[in-house]
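Below are the chains, spelled out letter by letter.
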Amino acid sequence: VNQVFESVAKKYDVMNDSMTLGIHRVWKDILMHKMNPCPGTLLLDVAGGTGDIAFRFINYVRSVRQRQLQRKLKHHQNLSWQEIFESYQKDEFNSLGDSQVVVCDINREMLKVGKQKAQHLGYSEGLSWVLGNAEELPFDDDKFDVYTIAFGIRNVTRIDLALQEAYRVLKPGGRFLCLEFSHVSNPLLSRLYDLYSFQVIPVLGEVIAGDWKSYQYLVESIRQFPPQEELKAMIEDAGFFKVDYENLNFGIVAIHSGFKL
Amino acid sequence: CQYYPPRRALQASAMLRRASDEHKKEPLTSSSQQHFDSPPADHQPEEKPQGPRPSYTGQGGQESEDYESEEQLQHRILTAALEFVPEHGWTAEAIAEGAKTLGLSVAAAGMFHSDGSELILHFVSECNSKLSELMEKEQKLVQLGEAEKKPIDEFLRDAVEARLRMLIPYIEKWPQALSILLLPRNIPSSLNLLTSMIDDIWHYAGDQSTDFNWYTRRAVLTGIYNTTELVMMQDSSPGFEDTWRFLENRVADAMTMSNTASQVQSTGEAVVQGLMGAAVTVSNAESSRAVR
């Protein structure tokens, strides 16, 4: 698995766009809306290599924080100029509201690409990049508010271990969110999807990234991955409550959510 | 070989509750909270790793009284969140703050819908329970002969006033709540809560009739309640005295109405009045919210 990602790291984003025709951006946006984080949230994004989820998180939290500050200022209509000046000085004007995201990935190359992207796009505060294995996270217990793993869990060898680690590092009340390719039940769509996956994607892989094999592996790993209900059962086994999933695009992708209660 | 998933209750929340027992505030209603107010000695989640699984898995009815189910935890979070409503409104933010006071992560607010509907419905149902308790107590006093049985108009007035007074701490954000309750998604639940409250009031008022009058009385009282609530939203008089006077007049009208022969017509009028008032006020509330 490590080798696959070393070779695809640089072209990862381009391939994502071409394979999914750009829809992956929408999927990740939907994930963020479902999370609906408020300022002060600590997010752990596992297998988040190139930072897509992390950047969206920062944008979301920033806009929520803006609205919060606007509302606060409206309430303070009667302040003197001195008091307004002081409130700007204080941490209240902290634009992320103490939210932070830690991006963890097993692959150094992916993290490198992510850091470069962050610099390029101008994301500086609230981001950390950590090298780590989803089956054995280098973090203490009860640390994070939200744990996300977007298109990463199918690359984990022991999914149950990853789920247990997710449970461990989450705070009580914390949320587990998993965005992953899943099972399409509609038979017609399923045939079209198979056709697209096996005929078009490896070709795109060869043309764009110069790597047929990795994308062949990708498509096969999607087929091997447990379907929605099975994954839901595995999440429940790890100890999560209120486990639910939402199908996007008829099951091509599914978001699973669970809480540590 | 078979893998039996470990059965345990909400470990994390149970341990948190023990740890924060000293900091726990008095819950708004005591009836549903009686299970957890038991002393810490009853909770031993570490020593008994096997516990009943909460009901969501469909093994319904296996919760023992020592362990908390998801619904009960959600109930506690919503109750804690009410404190933050005056500041944040009926939103997911208020729920997140509520979860924080219970020692849970702010992400727990994700369990609820992002527009805050559950919080409002929870509040309404809590208020209705409180009202029922009040009326129950009053009835007991009457039965014991310690109090006089009130005439119907006075009883209705007092009941509606008592119920509306529960809105006072949240009155600024209540228009927002009303508009959310009117969303198509929430109408079944909110209507349900409203009609059961009205039924409750009539029950304690001494109404035992099952003829067509029952519908009339229900509709009339619903009309009185809704219009008074809307008047209250826009009332700026000290102590809401304008509202209570309005209420008095409406109840008096209803009493005289019931003595005339044109009952069915009046019911229609009452309902239409109620709806018109509701529509006007909500649209005012919406436009003022949009301007803000």
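In this report, we go over the structure that sits alongside the text.

Thresholds applied
Residues numbered from 1 in each chain as written. Chains lettered and ligands numbered in written order. Predicted model: local features only at pLDDT ≥ 70, side-chain atom pairs only at ≥ 80, totals over all residues. Heavy atoms only, no water. Helix = DSSP H or I, 4+ residues; strand = E, 2+ residues; numbered from the N terminus. Buried < 20%, exposed > 50% of the residue type's maximum accessible area, 1.4 Å probe, protein only. Contact = heavy atoms within 4.5 Å. Lys, Arg positive; Asp, Glu negative; His and termini not counted. Charge placed at Lys NZ, Arg CZ, Asp CG, Glu CD. Phe/Tyr/Trp six-rings, centres within 6.5 Å; stacked < 30°, edge-to-face > 60°. Lys NZ or Arg CZ within 6 Å of the ring centre and 35° of its normal. Expected span 1.5 Å × (residues − 1). Axes fitted to C-alpha atoms, helices over the stretch in contact; angles between N-to-C directions. Left-handed = near helix turned anticlockwise from the far one by under 90°. Nonpolar A, V, L, I, M, F, W, Y, C, P; charged D, E, K, R; others polar. Pairing = 2+ DSSP bridges.

1. Description of the overall build of chain A
Here's step 1: Helix and strand counts for chain A come out as 10 helices and seven strands.
Here's step 2: Principal-axis analysis of the C-alpha atoms places the extent of chain A at approximately 65 × 40 × 35 Å.
Here's step 3: Taking all 261 residues of chain A together, the buried fraction comes to 52%.
Here's step 4: A separation threshold of at least 6 residues defines the contact pool for chain A, and within that pool the share at least 24 residues apart is 77%.
Here's step 5: If the 29 positive side-chain charges of chain A are averaged to one point and the 33 negative ones to another, these points end up 4 Å apart.

2. Topic: the packing of aromatic side chains
Here's step 1: Applying the stated criterion across every chain yields a total of 13 aromatic pairs over all chains.
Here's step 2: Taking 4.5 Å as the distance between ring centres and 10 degrees as the angle between the ring planes, the aromatic pair formed by Phe55(A) and Tyr123(A) counts as stacked. Highlighted residues: Phe55(A) in helix H4 (residues 52-75) and Tyr123(A) in the loop between helix H6 (108-121) and strand E3 (127-131), separated in sequence by 68 residues. One exposure class covers both Phe55(A) and Tyr123(A), and it is buried.
Here's step 3: Among the aromatic residues, those joined into a cluster by ring pairs are Tyr147(A), Tyr167(A), Phe176(A) and Phe240(A).
Here's step 4: One cation-aromatic arrangement involves Arg217(B) over Trp202(B); the distance from NZ or CZ to the ring centre is 5.7 Å.
Here's step 5: The side chain of Arg250(B) reaches across the aromatic face of Phe246(B), ending 4.7 Å from its centre.

3. Digging into helix H2 (residues 70-81) of chain B
Residue and element names in this part refer to chain B.
Here's step 1: When the terminal C-alpha atoms of H2 are compared, their 16 Å separation across 12 residues agrees well with the 16 Å that a helix rising 1.5 Å per residue should span.
Here's step 2: Here H2 lies mainly inside the structure; nine of its 12 residues are buried.
Here's step 3: Inspection of H2 places Glu70, Leu73, Gln74, Arg76, Ile77, Leu78, Thr79, Ala80 and Ala81 among the buried residues, and these make up the whole buried set.

4. Thoughts on unusual backbone geometry
Residue and element names in this part refer to chain A.
Here's step 1: One non-glycine residue with positive phi stands out, namely Asn36, at about 45 degrees.
Here's step 2: For Asn36, the location among the structural elements is in the loop between helix H3 (23-35) and strand E1 (42-46).
Here's step 3: Note on Asn36: relative accessible area 28%, which makes it partly exposed.
Here's step 4: Although it is not a glycine, Asp142 adopts a positive phi angle of roughly 50 degrees.

5. Observations regarding the packing of helix H6 (residues 152-165) of chain B against helix H8 (residues 187-205) of chain B
All names here are of chain B.
Here's step 1: At a minimum axis distance of 10 Å, the contact between H6 and H8 shows a crossing angle of 145 degrees. Note on packing geometry: the crossing formed by H6 with H8 is right-handed. Taking contact as the criterion, the partners of Ile152, Phe155, Leu156, Ala159 and Arg163 in H6 are, on H8, Met197, Ile201, Trp202, Tyr204 and Ala205.
Here's step 2: When the residues that make up the contact of H6 with H8 are grouped by side-chain class, the tally is nine nonpolar, no polar and one charged.

6. Describing the sheet that holds strand E2 (residues 100-105) of chain A
All names here are of chain A.
Here's step 1: With mixed pairing, seven strands are arranged side by side in an open sheet as E3-E2-E1-E4-E5-E7-E6. The open sheet has two edge strands, E3 and strand E6 (241-248), and neither has a second partner. Direction aside, neighbouring strands of the sheet carry axes that sit 15 degrees apart on average.
Here's step 2: With six bridges joining them, strand E4 (residues 144-150) and strand E5 (residues 170-181) adopt parallel strand pairing. If you follow Tyr147 over to E5, its bridge partner there is Phe176.
Here's step 3: Most of the contacts of H4 go to E2, to which it runs at about 175 degrees, and overall it touches E1, E2, E3 and E4.
Here's step 4: Most of the contacts of helix H10 (residues 228-237) go to E6, to which it runs at about 155 degrees, and overall it touches E5, E6 and strand E7 (253-259).

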